[in-house]
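# Architecture and fold: a report
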2 protein chains.
Amino acid sequence: MSNATHTLDAAERYCAERGLSLTPVRRRVLELLVDAGGPVKAYDLMAALKPGGSAQPPTVYRALNFLTRSGLAHKVEALNAYTACLCDYSHDKSGHDTVQLFICECCDTINERHIHKSPTDAPEGFRVSRSVIEYYGRCARCVAC
Amino acid sequence: MSNATHTLDAAERYCAERGLSLTPVRRRVLELLVDAGGPVKAYDLMAALKPGGSAQPPTVYRALNFLTRSGLAHKVEALNAYTACLCDYSHDKSGHDTVQLFICECCDTINERHIHKSPTDAPEGFRVSRSVIEYYGRCARCVAC
DNA sequence: TCTGTGGGTGTAATATAATTACATAACGTC
DNA sequence: GACGTTATGTAATTATATTACACCCACAGA
Ligand SMILES: [Zn+2]
Ligand SMILES: [Zn+2]
Ligand SMILES: [Zn+2]
Ligand SMILES: [Zn+2]
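To keep things clear, this report deals only with the structure shown in the data block. (Residues numbered from 1 in each chain as written. Chains lettered and ligands numbered in written order. Predicted model: local features only at pLDDT ≥ 70, side-chain atom pairs only at ≥ 80, totals over all residues. Heavy atoms only, no water.)

## Regarding the overall build of chain A
Of regular secondary structure, chain A possesses 4 helices and 5 strands. For a compact globule of 145 residues, the expected C-alpha radius of gyration is about 15 Å, and chain A comes in at 16 Å, within 12% of that figure. Seen along its three principal axes, the alpha-carbon backbone of chain A occupies a region of about 50 × 45 × 30 Å. Summing over all exposed atoms, chain A offers an accessible surface of approximately 7500 Å²; the carbon and sulfur share of this is 50%. Of the charged side chains in chain A, 17 are positive and 16 negative, and the gap between their average positions amounts to 4 Å. (Helix = DSSP H or I, 4+ residues; strand = E, 2+ residues; numbered from the N terminus. Rg over C-alpha atoms; globule rule 2.2 N^0.38 Å. Areas by Shrake-Rupley, 256 points an atom, 1.4 Å probe, with all protein chains shown as cover. Lys, Arg positive; Asp, Glu negative; His and termini not counted. Charge placed at Lys NZ, Arg CZ, Asp CG, Glu CD.)

## Comments concerning the protein's contact with DNA strand D
Around DNA strand D there are 17 residues in total, and T23 and R62 of chain A together with K41, Y43 and K75 of chain B lie nearest to it. Protein-adjacent atoms of DNA strand D, using a 4 Å cutoff, are sugar or phosphate at a proportion of 40%. At 2.7 Å, a side-chain N or O of Y43 of chain B approaches a base nitrogen of DNA strand D. Elements with a minimum of two residues in the surface near DNA strand D: α2 (24-36) and α4 (57-70) of chain A together with α4 (57-70) of chain B. Along the lines of polarity and charge, the residues of the surface near DNA strand D split into 7 nonpolar, 5 polar and 5 charged. (Near = heavy atom within 4 Å. Polar contact = N/O pair within 3.5 Å; in protein donor to acceptor, adjacent residues only side chain to side chain. Nonpolar A, V, L, I, M, F, W, Y, C, P; charged D, E, K, R; others polar.)

## Notes on the protein's contact with DNA strand C
Around DNA strand C, the surrounding shell holds 17 residues, and the nearest of these are K41, Y43 and K75 of chain A together with T23 and R62 of chain B. Taking the atoms of DNA strand C that fall within 4 Å of the protein, sugar and phosphate contribute 46% of them. One of the side-chain nitrogen or oxygen atoms of Y43 of chain A is found 2.7 Å away from a base nitrogen of DNA strand C. Elements that contribute at least two residues to the surface near DNA strand C include exactly α4 of chain A together with α2 (24-36) and α4 of chain B.

## Re α2 of chain A
Residue and element names in this part refer to chain A. In this model, α2 (13 residues) spans 18 Å end to end at C-alpha, consistent with the 18 Å of a helix rising 1.5 Å per residue. V29, L30, E31, L32, L33 and V34 are the residues of α2 that are buried. On the buried face of α2, the contacting elements are α1 (5-18), α3 (42-49), α4, β1 (73-76) and β2 (81-84). G37 occupies a position one or two residues after α2 and carries a positive phi of about 65 degrees. (Expected span 1.5 Å × (residues − 1). Buried < 20%, exposed > 50% of the residue type's maximum accessible area, 1.4 Å probe, protein only. Contact = heavy atoms within 4.5 Å.)

## As for the interface of chain A and chain B
At the junction of the two partners, chain A supplies 35 residues and chain B supplies 35 residues. Three residues stand out in chain A for area buried against chain B, namely D121, F126 and Y135 of chain A, and they jointly supply 21% of the buried area on that side. Connecting chain A to chain B are 0 salt bridges. There are 12 residue pairs in polar contact (both at pLDDT 80 or more) connecting chain A and chain B. (Buried area = accessible area lost by both parts, 1.4 Å probe. Salt bridge = Lys/Arg side-chain N within 4 Å of Asp/Glu carboxyl O.)

## Describing the relation of the copies chain A and chain B
Once turned by 180 degrees and shifted 0.0 Å along the axis, chain A lies on chain B with an RMSD of 0.0 Å. The two molecules are tied by a two-fold rotation axis, judged by turn and shift. Rotation axis and chain A: the residue whose C-alpha lies nearest the axis is I133 of chain A, separated from it by 2.3 Å. Interface residue correspondence from chain A to chain B reaches 100%, placing this contact among same-surface, isologous pairings. (Least-squares fit on C-alpha atoms with pLDDT ≥ 70 in both.)

## A look at helix α1 (residues 5-18) of chain B
All names here are of chain B. Here α1 is 14 residues long and its end C-alpha atoms lie 20 Å apart, about the 20 Å a rise of 1.5 Å per residue gives. Buried within α1 are the following residues: L8, A10, A11, Y14 and C15. An end-on view of α1 places all buried positions within 160 degrees of arc, on one side of the element. Turned more than 90 degrees away from the buried face of α1, the exposed residues are H6, A16 and E17. Against α2 and α4 lie the buried residues of α1. (Arc of directions from axis to C-beta.)

## Let's talk about the pattern of salt bridges
Residue and element names in this part refer to chain B. For the coordinates displayed, the defined rule picks out 8 salt bridges over all chains. With a closest N to O distance of 2.3 Å, E12 and R27 form a salt bridge. Of this pair, E12 sits in helix α1 while R27 sits in helix α2, placing them 15 residues apart in sequence. E12 gets classed as partly exposed once you look at its relative accessible area, which sits at 32%. The residue E77 makes a salt bridge to K75 at a minimum N-O spacing of 3.8 Å. Residue class for K75 comes out partly exposed when judged on its relative accessible area of 30%.

Structure representation (structure tokens):
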């Protein structure tokens, strides 16, 4: 259901091309993330996965690990939350190590940029393997909130 | 004790100038962070605060909140850890909203840069109020590790 | 001096986030 | 059919952080 269908189909293709198996659980978690359109807590995903009965933590954390490893989702570190990757599926998500997140604290939406440059003022000789870049503030629609 | 004395004296002056009260608990937590020279977990601080007996969580979290609010320490979001601010105390730490951390995953040391620029490719109209910028990798001494 | 008031701390309980360990299932390979 | 690999189910536990309430103390005004 929802307008997430298109995105999910693209994810399906993305996984098929790379030998990644987007199983029902993983696909369902991704769908929940896409539908939310913003940061979602792992325990909220758990509740949504099995309304009445409720899934166990490992179920959702394993799915989230798969999705983040594959580049289909990102963890929002400062919120302990997760969000679907919003970037255009036409480019390779595995080269995906430099992501900037712009999180509106008012309407809870996330904008995302994938950048390809290294930090300008790293210490001499420091070799970056992973980066966490999150900006919090207000989006254009929420400046007046 | 330790080579942290100099830094702590500077923190003392810094607080005095601004009407911030660096109480014994807060000072002790800062000292532990400075001595560690890298990311420290809140529960490790708790254990160190009262060896035998152990302090309660609010004690250390309140101290950490004070230190981070004041700019004397930073939270390392992706590690759920905390680190003393390493920047030169001569400049104002309250204008301290843009900090870059370079964390060596090998030797566990942190380098820090305070930058004064905004992100170049923020969404149109997005107003940043807080940023989290963390780079993980290997420092110059650990490239071979 | 009395009396608030506000900031800081002590303590217990609770909430939130994530991992470990072990059993089971599904699938392809030999 | 036996086996290795990958994914899932389930229970228990660990790790991280907050809430609520009591107490203390320095300080300001009456
Ligand atoms: Zn992305
Ligand atoms: Zn907004
Ligand atoms: Zn700093
Ligand atoms: Zn190193």
